[in-house]
Amino acid sequence: MDPVFLSRLQFAVATMFHFLFVPLTLGLSIIIAYMETKYARTGDTTYLRMTKFWGKLFLINFAVGVVTGITLEFQFGTNWSRYSEYVGDVFGSLLAIEPTMAFFLESTFIGIWVFGWKRLSAKAHAAVMWMVAIAGNFSAVWILTANGFMQHPVGYTIRNGRAEMTDFLALVFNKFALLEIVHMIPSALVLGAFFIMGISAYHLLKKQHVDLFTRSFKIALVIGLVSSLAVAFTGDLHAVHVSEVQPAKLAAMESHWETQTQAPIVLFAIPDEAAGKNAWEFGSIPGILSFMAFHDFNASVKGLADFPEEERPPVLLTFMGFRIMVGLGTLFILLTLVGFMKRNRLMESPGYLKIMMWAIPLPYIAIEMGWMVAEVGRQPWIVYGLMKTSQAASPIAGYQVMISLIAFILVYGLLGAVGFYLMAKKAIQGPEPETVQQ
Amino acid sequence: MELQTTWFILWGLLWAIFFMTDGFDFGVGTLYPFLGKSDIDRRMMINSVGPLWDGNEVWLITAGGVTFAAFPKVYAVMFSTLYAPLLLILFALILRGVAFEFRGQIHSEGWKRIWDACIFIGSAAPALLFGVAFANIFRGIPFDANGLYHGNLLMLLNPYGILGGALFLVLFMLHGANWLAIKTTGDLHDRSVATAGKLWLAVVPLAVLFLVASFFATSLYDNYFKYPALFLVIIVTVAALLGVRYFIAKQYFFRAWFASAVTIVGATFFGIAGLFPTLYPSLNNPGASLTAFNASSSPLTLKIMLTVVLIFLPLVIAYQIWAYNLFKGKLTKHDLEY
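As the structure is a computational prediction, the values presented were derived from the model and not from experiment. (Residues numbered from 1 in each chain as written. Chains lettered and ligands numbered in written order. Predicted model: local features only at pLDDT ≥ 70, side-chain atom pairs only at ≥ 80, totals over all residues. Heavy atoms only, no water.)

## A short note on the interface of chain A and chain B
Note the following rule: A contact between two residues is defined here by any heavy atoms of the two lying within 4.5 Å. A carboxyl oxygen of Asp or Glu within 4 Å of a side-chain nitrogen of Lys or Arg is what we treat as a salt bridge. Two N or O atoms count as a polar contact when they lie within 3.5 Å, although within protein this holds only if one can serve as hydrogen donor and the other as acceptor, and sequence-adjacent residues are included solely when both atoms are side-chain atoms. By the criteria applied, helices consist of DSSP H or I runs no shorter than four residues and strands consist of E runs no shorter than two, each listed in order from the N terminus. By the convention adopted, Pro, Cys, Tyr, Trp, Phe, Met, Ile, Leu, Val and Ala count as nonpolar, Lys, Arg, Asp and Glu as charged, and the other residues, Gly among them, as polar.
Taken together, the contact between chain A and chain B spans 69 residues of the former and 63 residues of the latter. For the interface between chain A and chain B, the tally reads 0 salt bridges. There are 15 residue pairs in polar contact (both at pLDDT 80 or more) connecting chain A and chain B. Of all the secondary structure elements, the ones that give two or more residues to the side of chain A that touches chain B are helix H3 (45-78), helix H4 (81-115), strand E2 (162-165) and helix H14 (398-429) of chain A. For the side of chain A that touches chain B, the per-class residue count stands at 38 nonpolar, 20 polar and 11 charged.

## Side note on helix H11 (residues 253-275) of chain B
Rule in force here: One less than the number of residues in a helix, times 1.5 Å, gives the span that helix is expected to have. Only protein chains enter the accessibility calculation, which uses a 1.4 Å probe; a residue is then buried when its area is under 20% of its type maximum, exposed when over 50%, and partly exposed in between.
Taking 1.5 Å per residue as the helical rise, H11 of chain B with its 23 residues ought to reach 33 Å, and the 33 Å between its terminal C-alpha atoms agrees with that figure. Across the 23 residues that make up H11 of chain B, a large majority, 17, are buried.

## Brief notes about the confidence of the model for chain B
Rules: Values of pLDDT, ranging from 0 to 100, describe the predictor's confidence in every residue of the model.
Residue-level pLDDT values for chain B average 93, and 99% of them are 70 or greater. The complex prediction reports pTM at 0.93, with the ipTM value standing at 0.91.

## Examining unusual backbone geometry
The amide bond that connects glutamine 379 of chain A to the next residue, proline 380 of chain A, takes the cis arrangement and shows omega of 0°. Following phenylalanine 276 of chain B, the chain continues into proline 277 of chain B via a peptide bond in cis, with omega recorded as 0°. Its location among the elements puts proline 277 of chain B in the loop between H11 and strand E1 (278-280). Here histidine 209 of chain A, not a glycine, exhibits a phi torsion of approximately 50°, which is positive. Positionally, histidine 209 of chain A belongs in the loop between helix H7 (175-205) and helix H8 (210-245). Phi at serine 255 of chain A is positive, roughly 50°, even though this residue is not glycine. Residue placement: serine 255 of chain A occurs in the loop between helix H9 (247-253) and strand E3 (260-261).

## Section: the pairing of E2 of chain A
Residues and elements named next belong to chain A. Quick reminder of the rule: Two strands are counted as paired when DSSP detects at least two bridges linking them.
Neither face of E2 is open: one carries Arg162 and Glu164, the other Ala163 and Met165, and all of them are buried. The pairing of strand E1 (residues 156-159) with E2 spans 4 bridges and is antiparallel. Bridge pairing links arginine 159 to arginine 162 in E2. Once E1 ends, the chain turns through 2 residues before running back antiparallel as E2, passing asparagine 160 with a positive phi of about 55°.

Written out as structure tokens, the structure reads:
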């Protein structure tokens, strides 16, 4: 039992599971804060019922997201101690700033929000939700800044046998991290928006709480449209930067083997990693990859064959992940555009509502795929170009990791099942009837 | 003061604050099956910590994060050598966290009983395991210069480790009982006060035993004999523990809780002061021991992090005090609605 492989698997399970909940927390918190502000400003109780209904779903999701995040911070120590020792001087500080600046704020204020309805004025209570939303997103910013260092290390030097920080501001303004942030935050908003639209569609199809869910749908629609455009725009900037600083990842994203000018993209391919070429490909369009990567149809794009075999990322996962993410991202723009045209006759568009209801899982898939591209595509490096994943694991016995991995799968699987079950149940139940709430 | 020394103290302080704040949450959760006779009692107990536990738990995340930032080698070696107990603690904390949220979602007895059990396990297990872990750290952990652990999970359950676990558990239960005495009324209140009295009687012999056993099982007292002023830590801790009894008898429950908070901080610093400058001593290979000087980050990182911490931690403390203040006073039926 290889502790490196098992630790990778465990980290993948833990992060991907954690990330089923985090984006909804990030996106939904902002939208709920907006709804509650509307209530505080207008006194319109429909907004209050909206806030409480979406808030209920938010809290179940939040609970699972928070508890599964704790293990991640500690896993760098438990499973990746060689990594932690080597880059802790740089990476550790970014990870430590996150709770200090953001997570404290989020966790303290979420308690106030949940229990503080009767102790705070409506305006103050809405402000508390803004604190939760801002702090949560700030948390993500710091985590992405830490991840940015792993993707594209800057602001350090090798001294005393480890990476030591030389320039804190270079770390904070790492272009790679900034691009991840501007890509990730709108992605979370897309997910939050589709979550709201999907559940609203369910109730609108049943013709219940029509006013509340029409308003919810419309708020989410505008946010979803703007954010899915932003996601595509920043995604393009991000891909251009990746082609500069992580050429091997870009080549794997496109399953691009031979270095060439006017490099084509293929719509679909089955890479044969052992033979170093595509076993089968379909729909090759010349020049497009050169254009995507360098905004120049004639630019030369380095192929995987020009990287030593031991420095190539797993191609199939990276390639497929990227295809699925981009495809879904395009679909989100289309769906929200159609919705925007139909916004004033939602009730007469049951077909569209049905599609939106079934579209709830799609942003989840897109986001998970995005992270798979980012993290698998970074391999074999744990810190790109600086340290290999194989050198980073703790000197611990494989059986220990095996046991903890099984525990992770069981506990997280159960939590996820219960969490999603409860969310579905509460979503279907719908909001409290109007009479009970003042 | 040198940067490393400052960070050593801050490191100890963060753990102490975590034990002091989440400590009463753990205590309430451990007392939960014993004091929560009815569903109303149990909801009262959950809601007594409901608005605060989440913020309290972040002190753990921060203590962990700061260990990473300021003493990366300690973070790496400590958490990999304590792999099994640490993951057990984390899984327990996961159960506790979701249990608070999930329990009220479905109104069925069986459903509630599952999450009731999770609240108990998720509170008692970390209390106990943190005690076992820290007692073992005071004693030294069997690891070598490569950060390799030479032992197994059962070795942590030596008599001194178990004593540390028992002391932490009972101390947190006392702290939790004091909290319940502040927050509750009626029958639950009376039972909490009576329980606090009984727990105090259990803490005293354990504390005495721990102080004596530390003399034989650890070298913590070396620093105390070198700097006798450090005995003040022990004196304050013992005085605070006596204060708990006095304030319970006088029915000053907030003061009793405050005194148990000071006792916990004191107990943590009893060990931290004895360890200095070592953060993570090796049991059989003193040369491998990790200290504030051989395991710290570079001066630049320490300075930047110190700036961050000195700006933000006072802010955190300020808004957390505001939150405590917002939810002060006895729980009423009103608070059960949420």
